[in-house]
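Remarks on the overall topology
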Amino acid sequence: METTLRTDITVAAICDGFVYNELEGKGLYGLSGKLVIQPEYQRNYIYADQGGKREKAVIHSLLKGYPLGLIYFNKVGEDRFEVLDGQQRITSIGRFVTNKFAISDERGNPQYFDSLPKDKQEKILQTRLLIYECEGTETEIKEWFQTINIAGVPLNEQELLNAIYSGPFVTLARAEFSNSGNANIHKWRAYIRGSANRQDYLRTALDWVSKGDISGYMSQHRYDDNIDELKTYFNTVLDWIESVFPFEEVPSEMQGLEWGRLYETYHSNAYDPKKVMEDVQALYEDPYVRKKSGIFEFILGGKADPSLLEVRVFDEAVKKTVYARQTKEAEEKGISNCPLCAIGHDANKCRIYKYNEMDADHVTAWSKGGKSTEENCQMLCITHNRAKGNK
């Protein structure tokens, strides 16, 4: 790959013909239409997130004369370029110069570009940027793109995969799942943790449909001219969740669960939504259930695995009280202080276990209505406690 350092391109030149798409949240063109700011292998614009702290920092750096670092252009034709690295900084500059956001002056007052003093406007516009023009094959450009994160937030895994498998499929998928203006995001965010800009919804959709093999799926479908399968599977999973758990207001604990795996495992089962919701309500109100997010898989699995709920165990005071009582009674009778060993026929029939050799156990299992109280506690030797399980 060949590179040429350019030091003659100013901010004014970059911003000539700058176009920003508010709906998709990305810079489109600059440099009098010669520059594609966000080619398909680039991630979405994220410097406006978190109150725009990063995009404002770019402008303050220009005003203070601080270097912005190297910017890389990929030369795709005669006097035609696309941004290889630096699109967040370039988009920040273009957005400010076209009055899309304001910075704060020394007194905290907002200032758009047009309201800046003329000398500050000129300082920004006449700043020369350090730009490397790169020429190479698609493979060379993609490999180079994966290695350079000169400034800003490192690319996450999905953003890298978007770059590697750029093509019509990624273009369509990003338009659907990485568009912060998509009205469906309100529904998606109830079950999926993340944001459109950082490709979290896209990654989730791909993870579900590919059963975890995102890279393989993207490679297989790279040149597809539709995303019908991806959208259909994604919406099928969401519809299934809503049919099984018909909440009017989705609880926060449902966000970020492995819904793709749960769908594959349980979608063939029949559920009574009314009974499901009654069980959910009862478990939410149960003070012994510590992990509320485990309620949903617990119910889907027929309430067979209480470990999903991290049911509150007996505290130390209760365990020591029960241990002391059992041990005293056992010593008086000449039997083991483990009730199950005491009725056995092996060498442990009369063994007195130390406290650290025993575990607390529910006499009546929690799943059968037993509570984590002193009255429902017994101390068993570790072997018997682990063997008892939820019988």
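Notes on the structure follow. (Residues numbered from 1 in each chain as written. Predicted model: local features only at pLDDT ≥ 70, side-chain atom pairs only at ≥ 80, totals over all residues. Heavy atoms only, no water.)

**Some words on the side chain of Asp-105**
Here Asp-105 shows up in the loop between strand 7 (103-104) and strand 8 (110-111). Salt bridges are absent for the buried Asp-105, whose nearest opposite-charge side chain, Arg-107, sits at 5.0 Å. A polar atom in the side chain of Asp-105 sits 2.9 Å from the backbone nitrogen of Arg-107. A distance of 2.8 Å separates a polar side-chain atom of Asp-105 from the backbone nitrogen of Asn-109. (Helix = DSSP H or I, 4+ residues; strand = E, 2+ residues; numbered from the N terminus. Buried < 20%, exposed > 50% of the residue type's maximum accessible area, 1.4 Å probe, protein only. Lys, Arg positive; Asp, Glu negative; His and termini not counted. Salt bridge = Lys/Arg side-chain N within 4 Å of Asp/Glu carboxyl O. Polar contact = N/O pair within 3.5 Å; in protein donor to acceptor, adjacent residues only side chain to side chain.)

**Regarding the environment of Leu-262**
Within the fold, Leu-262 resides in helix 12 (residues 259-266). Once you skip the residues sitting within four places of it in the chain, Leu-262 turns out to touch Trp-240, His-267, Glu-297 and Leu-300. (Contact = heavy atoms within 4.5 Å.)

**Considering helix 11 (residues 228-244)**
Residues lying three or four places apart along an α-helix face the same way, a consequence of the helix completing one turn every 3.6 residues. Over its 17 residues, helix 11 extends 24 Å from the first C-alpha to the last, a length consistent with the 24 Å expected when each residue adds 1.5 Å. The complete set of buried residues in helix 11 reads Leu-230, Tyr-233, Phe-234, Val-237, Leu-238, Trp-240, Ile-241 and Val-244. Projection of helix 11 onto a plane perpendicular to its axis shows the buried side chains occupying an angular sector of 155°, all on one side. (Expected span 1.5 Å × (residues − 1). Arc of directions from axis to C-beta.)

**What about the packing of helix 2 (residues 53-64) against helix 3 (residues 87-97)?**
Running from N to C, helix 2 and helix 3 point in directions that differ by 80°, and their axes come no closer than 9 Å. In this view, helix 2 runs roughly perpendicular relative to helix 3, as classed from their interaxial angle. Across the interface between the two elements, Glu-55, Val-58, Ile-59 and Leu-62 from helix 2 touch Arg-89, Ser-92, Ile-93, Arg-95 and Phe-96 from helix 3. Considered class by class, the residues forming the contact of helix 2 with helix 3 number five nonpolar, one polar and three charged. (Axes fitted to C-alpha atoms, helices over the stretch in contact; angles between N-to-C directions. Parallel < 35°, antiparallel > 145°, perpendicular 65-115°, else oblique. Nonpolar A, V, L, I, M, F, W, Y, C, P; charged D, E, K, R; others polar.)

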